[in-house]
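Examining the three-dimensional arrangement
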Amino acid sequence: MRRSLGTVLVAIAALAGVLGGLWAFMKAAGAEADYCNGQNCTSGWFGAVAFLALAVITGLVGWSFLRRGEEGRRSRY
C-alpha cells in the first residue's frame, strides 16, 4: 500500500513540477501568465511558486513512503 501511494505521490509531484516550471518560464519570458478574474489580477509568480512548492512537498512525502516500503520489506525477511 505504501509503495503504490508513494508512486502516485511522486507522479503528482512530477506533474506539479512540470506545470510550475512551465508557468515560471512563461512568466519570465514575458508571456501573459497572470491569473485574472474580472478586474483583479494575481501575478503568475504566485501560481508558479504554489505548483513548485506542491511538487517539493508531495515529492518528499512520496519518496519517504517509497523508502519506508523498502525498509518494511527488508525487515520481514
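Going by the structure above, here's the rest.
Source: prediction; values computed, not measured.

**Some details on the pattern of salt bridges**
Per the counting criterion, the structure on display carries one salt bridge. The salt bridge involving Asp 34 is made with Lys 27; its shortest N-O contact spans 2.8 Å. By relative accessible area, which is 32% here, Asp 34 ends up partly exposed.

**Re the state of the cysteines**
If you walk through the whole model with that rule in mind, you get one disulfide. The side chain of Cys 36 participates in a disulfide bridge whose partner is Cys 41; the two sulfur atoms lie 2.0 Å from each other. Taking the sign of the S-S torsion, about 115° here, the bridge from Cys 36 to Cys 41 comes out right-handed. Residue Cys 36 is classed as partly exposed on the basis of its relative accessible area of 42%.

Rules used in this analysis
Residues numbered from 1 in each chain as written. Predicted model: local features only at pLDDT ≥ 70, side-chain atom pairs only at ≥ 80, totals over all residues. Heavy atoms only, no water. Salt bridge = Lys/Arg side-chain N within 4 Å of Asp/Glu carboxyl O. Buried < 20%, exposed > 50% of the residue type's maximum accessible area, 1.4 Å probe, protein only. Disulfide = S-S within 2.5 Å.

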